[in-house]
Amino acid sequence: MTDTEATRKNAKHLLYLMVNEELLRTGDGLDAEALGKVLERHGVGADAQQPTLDYACEQGWLRQGEGGELQITEAGFALD
């Protein structure tokens, strides 16, 4: 699996976790530290976390909220 494939898989898994474990809905968010802890619990190491978050933002699945948290978008919520 290439890094891009792994990053894509991690980003999609993060969205799943945000919706199904963290119970977030469109517009809800967590700060990067909290998202890092979610990823860490599920085997995504520190070196892969920022590329995962960046990829999810580039795809429009997450966006930066006013308080600095990363919020799940409608597109991101729909992927789950």
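In the block above lies the structure referred to throughout.
Given the structure is predicted, the values throughout are model-derived calculations rather than measurements.

Chemist: Quick one: what's the story with unusual backbone geometry, residue by residue and with numbers?
Modeler: In this structure, Leu23 is a non-glycine residue whose phi angle is positive, near 60°. Mapped onto the elements, Leu23 comes out in the loop between α1 (3-20) and β1 (29-30).

Chemist: For the nonpolar core, give the residues involved together with the corresponding values.
Modeler: Counting residues in each nonpolar core, the largest one holds 19 residues, and the members touching the most others are Leu14, Met18, Leu35 and Leu62. Secondary-structure elements contributing two or more residues to this core are α1, α2 (32-41), α3 (46-58) and β3 (70-72). Of all the elements, α1 adds the most residues to this core, at six residues.

Chemist: Describe the side chain of Asn10, with residues and values.
Modeler: Within the secondary structure, Asn10 is located in helix α1. Setting aside anything within four residues of it in sequence, one finds Asn10 in contact with Leu39, Val44, Ala48 and Thr52.

Chemist: Describe the packing of aromatic side chains, with residues and values.
Modeler: Any aromatic ring pair is given by two values, namely how distant the centres are and how the planes are angled relative to each other. Following the criterion strictly, the structure yields one aromatic pair and no others. With a centroid separation of 5.7 Å and an interplanar angle of 70°, the aromatic rings of Tyr55 and Trp61 are classed as edge-to-face. You can call Trp61 buried: its relative accessible area is 9%.

Chemist: Which residues make up the sheet that holds strand β2 (residues 62-64), and what are the values?
Modeler: Strands sit in the order β1-β3-β2 across an open sheet of three strands; the sheet is antiparallel. The open sheet has two edge strands, β1 and β2, and neither has a second partner. With two bridges connecting them, β1 and β3 associate as antiparallel partners. Each residue of the ladder has a partner; that of Gly29, found in β3, is Gln71.

About the criteria used
- Residues numbered from 1 in each chain as written.
- Predicted model: local features only at pLDDT ≥ 70, side-chain atom pairs only at ≥ 80, totals over all residues.
- Heavy atoms only, no water.
- Helix = DSSP H or I, 4+ residues; strand = E, 2+ residues; numbered from the N terminus.
- Core = buried A, V, L, I, M, F, W, Y, C linked by side-chain atoms within 4.5 Å.
- Buried < 20%, exposed > 50% of the residue type's maximum accessible area, 1.4 Å probe, protein only.
- Contact = heavy atoms within 4.5 Å.
- Phe/Tyr/Trp six-rings, centres within 6.5 Å; stacked < 30°, edge-to-face > 60°.
- Pairing = 2+ DSSP bridges.

By themselves, these are just geometric observations and shouldn't be taken as functional.
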